[in-house]
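Here are the chains, one letter per residue:
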Amino acid sequence: YIVYDGHNLYIGLKLMQSNPKKLTANKKKHDSSVWQDDSIEFFMDTNRDYSTYYQFVANSIGIQYDGLNRGLKAAWDADWKVKTFISDNFWNMEIAMPFKEMNTVRPEPGDIWGMNITRNRITSSRQLNCWSFIAGNNHRPDRFGFLVFE
């Protein structure tokens, strides 16, 4: 699901996994390369200029990475929340992203952001599943899908 209120964008995912006990979660430090674990990446181009965008990543145990413009602003850290839950055949992730952390205000109905979501699955090889086709490079805001607010 994707919903919002006056302060936050909320995203919730249920990720099917045949054996969640085998999820890879080696990264334990904030802003480490958690995309190398079983994780979810969220990309937000709030002004749709196709060059400035925010990247939020969390692995299956809730360790976070946040970056601005492909990590070129390394000192940037956002105050966002993530919760994960691991079950017998799936894992859940719920996040709350404050609009102020993305330098924007609550969207109005009809506003459109660029957005993409990527699932990183670590099996015998790394698998990427993306909401919007990105041709092998997540850092292509010109290929993000559209998040239309109602």
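Our structure is the block above this text.
A brief look at the structure comes next.

Parameters at a glance
- Residues numbered from 1 in each chain as written.
- Predicted model: local features only at pLDDT ≥ 70, side-chain atom pairs only at ≥ 80, totals over all residues.
- Heavy atoms only, no water.
- Pairing = 2+ DSSP bridges.
- Helix = DSSP H or I, 4+ residues; strand = E, 2+ residues; numbered from the N terminus.
- Axes fitted to C-alpha atoms, helices over the stretch in contact; angles between N-to-C directions.
- Core = buried A, V, L, I, M, F, W, Y, C linked by side-chain atoms within 4.5 Å.
- Buried < 20%, exposed > 50% of the residue type's maximum accessible area, 1.4 Å probe, protein only.
- Patch = residues over 30% accessible without salt bridge, like charges linked within 9 Å, V, L, I, M, F, W, Y side chains within 5 Å.
- Areas by Shrake-Rupley, 256 points an atom, 1.4 Å probe, with all protein chains shown as cover.
- Salt bridge = Lys/Arg side-chain N within 4 Å of Asp/Glu carboxyl O.

Focus on the sheet that holds strand 2 (residues 8–16)
Strand pairs in the sheet, formed through backbone hydrogen bonds, run parallel or antiparallel to each other.
Phase 1: As summarised here, the arrangement of the four strands in space is 1-2-7-6, forming an open sheet in which the pairing is antiparallel. This sheet does not close on itself; its edge strands, each paired only once, are strand 1 (2–4) and strand 6 (81–86). Strand after strand, the sheet turns through a mean of 15 degrees between neighbouring axes, direction not considered.

Examining the nonpolar core
Phase 1: If you look at the biggest cluster of nonpolar residues, it comprises 26 residues, and the most contacted ones within it are Leu9, Phe42, Met44, Phe56 and Met97.
Phase 2: Every element with two or more residues in this core is listed here: strand 2, strand 3 (39–45), strand 4 (54–59), strand 7 (90–98) and strand 8 (112–122).
Phase 3: Ranked by the residues each element gives to this core, the list is headed by strand 7, at four residues.

Some words on the pairing of strand 3
Phase 1: The buried count for strand 3 comes to seven of seven residues, which makes it a mostly enclosed element.
Phase 2: Pairing between strand 3 and strand 4: six bridges, direction antiparallel. Pairing of glutamate 41 across the sheet is with valine 57, part of strand 4.
Phase 3: Note: strand 3 against strand 8, seven bridges, orientation antiparallel. When the bridges of strand 8 are listed, glutamate 41 appears paired with threonine 118.

Considerations on a nonpolar patch on the surface
Phase 1: On the surface, Tyr50, Ile112, Phe146 and Val148 cluster together to form a nonpolar patch covering roughly 360 Å² of accessible area.
Phase 2: With respect to the helices, strands and loops of the structure, phenylalanine 146 is situated in strand 10 (residues 145–148).
Phase 3: Judged by relative accessible area, phenylalanine 146 falls into the partly exposed class, the value being 47%.

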